[in-house]
Amino acid sequence: MSQHEKWHETLHDGFGQYFTVDKQLYRDKTEHQDLVIFENSAFGRVMALDGVVQTTERDEFIYHEMLTHVPLFAHGDARSVLIIGGGDGGMLREVARHPGVEKITMVEIDAGVVNFCRQYLPSHSNGAYDDPRFTLVIDDGVNFVSQTEQKFDVIISDCTDPIGPGESLFTSDFYAGCQRCLNEDGIFVAQNGVCFLQQDEAVNSHRRLSPYFSDVTFYQAAVPTYYGGIMTFAWASNNALLRQLPTETLKARCQETDIRCRYYTPDIHQASFALPQYLLDALSAE
């Protein structure tokens, strides 16, 4: 891929988006995968896997803040957090900002991803890999949640789309394992695609999560790189009150931790659970 060539995303048939390649930093094209990192004047460093953008420097903060601070501030007293995937380190960076968290475990199937992202996307982790509370486990996510003896207050599934390697993180076996190792008022959240274009993902996740959790829904944020409208995040808990907290409570928790974000606010937190009618209709049809 030469300088100023256009890189085209191939996630959807019939339309998509492109990025100008100002400088290619890395490419690993094998029969199993096509991983590329390049610089783009609008979005900074862009990482793509098999023709699909995974993360960019410019807007990753929206995705990582919403998948982290919504469950952590909703819980209010999370001591142990499990991240599934997340090898780029962005989720770890945001979790590590919470002073009350005592233990952060990250399960990544490929150790190479962590080393690679520390080298090419250092601003994502921003030193969080050196946090003394952090433990890296190299394992398959489904296997880990099915077998671990540990318990967690919050589980964050930072998964790719449910095709290829990420597919197992959208299965009933995975959700059952997460429910098994969550503490009583624990919260599970996961990336769940852009619902206007990938509505089946949300519908399938809702159906598969519901046997294991009494309160299953979604919340949302618009992440520009994930083209096509709002991105949905799955939310599952056995305590429905955790997603109905007054804004004042969330504001007090924010002030207590002294965490100031670039996207997340207590008002956005509360508003993010409002979903468009087309998604509500699709979920109720189930």
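Structure: above.
The rules behind the values
All residue numbers here refer to positions counted from 1 along the written sequence of the relevant chain. Totals for whole chains, interfaces and linings use every residue, but because this is a predicted model, local features are given only for residues with pLDDT of at least 70 and side-chain atom pairs only at 80 or more, for both listing and counting. Excluding hydrogens and water, the side-chain values take into account all heavy atoms of the structure. For every element, the axis is a line fit to its C-alpha atoms; helices are fit only across the contacting stretch, and the angle between N-to-C directions ranges from 0 to 180 degrees. Put simply, DSSP H or I for four residues or longer makes a helix, DSSP E for two residues or longer makes a strand, and each gets a number counted from the N terminus. These descriptions rest on fixed angle ranges, namely under 35 degrees for roughly parallel, over 145 for roughly antiparallel, 65 to 115 for roughly perpendicular, and the rest for oblique. Handedness of a helix crossing follows the sense of rotation of the near helix relative to the far helix, less than a right angle counterclockwise being left-handed and clockwise being right-handed. Between two residues, a contact is recorded if the distance between any of their heavy atoms is within 4.5 Å. The nonpolar class holds Ala, Val, Leu, Ile, Met, Phe, Trp, Tyr, Cys and Pro. Asp, Glu, Lys and Arg form the charged class, and all remaining residues, Gly among them, are polar. Two strands are counted as paired when DSSP detects at least two bridges linking them. For each structure, a 1 Å grid was placed over the protein atoms alone; sets of points admitting a 1.4 Å probe that cannot get out are labelled cavities, open sets with protein on both sides within 12 Å along at least five of seven lines are labelled pockets, and lining residues have an atom within 4 Å of a point. Grid points are joined across faces, edges and corners, and a volume is the space filled by probe spheres set on the points. In this scheme, a residue with accessible area under 20% of its type's maximum is buried, one over 50% is exposed, and one in between is partly exposed, where area comes from a 1.4 Å probe on protein chains only.

This brings us to the packing of helix 7 (residues 199-209) against helix 10 (residues 277-285). Remark: helix 7 packs on helix 10, axes separated minimally by 10 Å, with the N-to-C direction vectors making an angle of 45°. One element, helix 7, and the other, helix 10, form an angle in the oblique class. Relative to helix 10, helix 7 is oriented so that their crossing is right-handed. Residues Gln199, Ala202, Val203 and His206 of helix 7 form the contact with helix 10, whose own contacting residues are Tyr278, Leu279, Ala282 and Leu283. Broken down by class, the residue content of the contact of helix 7 with helix 10 amounts to six nonpolar, two polar and no charged.

Spatially, four strands are ordered 3-4-5-6 in an open sheet, and the strand pairing comes out antiparallel. Each of the sheet's edge strands pairs with one partner strand only, and the pair in question is strand 3 (23-29) and strand 6 (52-56). Strand-to-strand twist of the sheet, defined as the mean angle between neighbouring strand axes without regard to direction, takes the value 20°. Set on the sheet, helix 3 (residues 111-120) makes contact with strand 3, strand 4 (34-40) and strand 5 (44-49); between it and strand 5 the angle comes to about 160°.

In this section: the layout of surface pockets. By volume, the second largest pocket is sized at about 240 Å³. Gly76, Asp77, His98, Gly100 and Thr257 are, among the 13 residues lining the second largest pocket, the residues nearest its centre. Here the lining of the second largest pocket takes three residues from helix 8 (residues 247-257), the largest share from any one element. By residue class, the composition of the lining of the second largest pocket is five nonpolar, four polar and four charged.

This paragraph deals with unusual backbone geometry. Phi at Asp50 takes a positive value of approximately 50°, unusual for a residue other than glycine. Structurally, Asp50 is set in the loop between strand 5 and strand 6. Notably, Asp258 is not glycine yet its phi reads approximately 60°, a positive angle. Within the secondary structure, Asp258 is located in the loop between helix 8 and helix 9 (266-271). Exposure remark for Asp258: the relative accessible area of 68% places this residue in the exposed category.

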